[in-house]
Amino acid sequence: QRGYTLDDRAKSWTAPDGTSGSIDPFSVAGEEEEDQEEGSSSGAHAAALEAIQRVADQLTALQARAASLDPVAVREACTQLCCDLDAIDVRGDEALRRARREQLQRCEEISAAEGAFAHTE
């Protein structure tokens, strides 16, 4: 365990250094890009990379607590994070596309693992 804490519904997280965040289905992970100048490709690249890293951190926190959370909540959080990743404009950059794809695969793996533990009635 890396010391991350999540609320019981997996809607927010707190890292060991005190930083925190939330998993909001209505947020767009790439919103910071809008603040960059339109012609600044390096600024857009940095914003996209930061957004991908933010989702990666949220996935790490979610994965650390997944076993103690309701499987439905974990799958919903994974779906929300996939939507956040889909909203990130990689602007054709292969390295960003690869990083985003890796996080999407992590979401799928976490969600699939939770499906294996889901109770059937």
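Residues numbered from 1 in each chain as written. Predicted model: local features only at pLDDT ≥ 70, side-chain atom pairs only at ≥ 80, totals over all residues. Heavy atoms only, no water.

*Asks:* Before we go on, may I ask you to explain the overall build of the chain in this structure?
*Replies:* Broken down by element type, the chain carries 3 helices and 3 strands. For the chain, the succession of helices and strands along the chain, N to C, is β-β-β-α-α-α. Considering the chain as a whole, with its 121 residues, one finds that 37% of them fall into the buried category. The contacts in the chain between residues at least 6 apart in sequence include a share of 59% that link residues at least 24 apart. About 7,200 Å² of surface is accessible on the chain, with carbon and sulfur atoms providing 47% of the total. (Helix = DSSP H or I, 4+ residues; strand = E, 2+ residues; numbered from the N terminus. Buried < 20%, exposed > 50% of the residue type's maximum accessible area, 1.4 Å probe, protein only. Contact = heavy atoms within 4.5 Å. Areas by Shrake-Rupley, 256 points an atom, 1.4 Å probe, with all protein chains shown as cover.)

*Asks:* Explanation requested: the environment of alanine 47 in the structure shown.
*Replies:* Counting through the fold element by element, alanine 47 comes out in helix H1 (residues 41-65). What makes alanine 47 buried here is its relative accessible area of 7%. Counting along the chain gives 43 residues from alanine 47 to valine 90, while the straight-line C-alpha distance between them is 9.7 Å.

*Asks:* Can you help me understand helix H2 (residues 71-86) in this one?
*Replies:* One full turn of an α-helix is made of 3.6 residues, so residues set three or four places apart face in the same direction. End to end, H2 covers 22 Å across 16 residues, agreeing with the expected 22 Å (1.5 Å per residue, within 8%). By the burial criterion, the buried members of H2 are Pro71, Ala73, Val74, Ala77, Cys78, Gln80, Leu81, Cys82, Asp84 and Leu85. (Expected span 1.5 Å × (residues − 1).)

*Asks:* What am I meant to see in unusual backbone geometry here?
*Replies:* The bulk of non-glycine residues show a negative phi, and the bulk of peptide bonds are trans. The backbone of arginine 91 shows a phi angle near 50 degrees, a positive value even though the residue is not glycine. Following the sequence through the fold, arginine 91 ends up in the loop between H2 and helix H3 (94-117).

*Asks:* Sorry, what's going on with the packing of H1 against H2 here?
*Replies:* Two numbers describe a pair of packed helices, the interaxial angle and the distance between the axes. Two numbers describe how H1 lies on H2: the axes approach to 11 Å, and their chain directions differ by 170 degrees. The angle between the axes of H1 and H2 places the two elements in the roughly antiparallel class. Of the residues in H2, those in contact with Val55, Gln58, Leu59 and Leu62 of H1 are Val74, Ala77, Cys78, Leu81, Asp84 and Leu85. The residue makeup of the contact of H1 with H2, split by class, is 8 nonpolar, 1 polar and 1 charged. (Axes fitted to C-alpha atoms, helices over the stretch in contact; angles between N-to-C directions. Parallel < 35°, antiparallel > 145°, perpendicular 65-115°, else oblique. Nonpolar A, V, L, I, M, F, W, Y, C, P; charged D, E, K, R; others polar.)

*Asks:* Any chance you could explain the nonpolar core here in plain terms?
*Replies:* Buried together is how nonpolar side chains tend to be arranged in soluble globular proteins. Counting residues in hydrophobic clusters, the biggest one holds 21 residues, and the most contacted among them are Leu62, Val74, Ile88 and Cys107. Only H1, H2 and H3 provide two or more residues apiece to this core. (Core = buried A, V, L, I, M, F, W, Y, C linked by side-chain atoms within 4.5 Å.)

*Asks:* What's the story with the pattern of salt bridges in this structure? I'm lost.
*Replies:* Pairs can form between side chains of opposite charge once their charged atoms are near each other. Under the definition given, this model contains 4 salt bridges. We note a salt bridge from glutamate 50 to arginine 54, for which the minimum N-O separation is 3.5 Å. With glutamate 50 and arginine 54 both in helix H1, this residue pair falls 4 residues apart, about one helical turn. By relative accessible area, which is 48% here, glutamate 50 ends up partly exposed. On the accessibility criterion, arginine 54 (25% relative accessible area) is partly exposed. The residue aspartate 89 makes a salt bridge to arginine 91 at a minimum N-O spacing of 3.8 Å. In the salt-bridge network here, residues are joined through shared partners; they are Glu94, Arg97 and Arg101. (Salt bridge = Lys/Arg side-chain N within 4 Å of Asp/Glu carboxyl O.)

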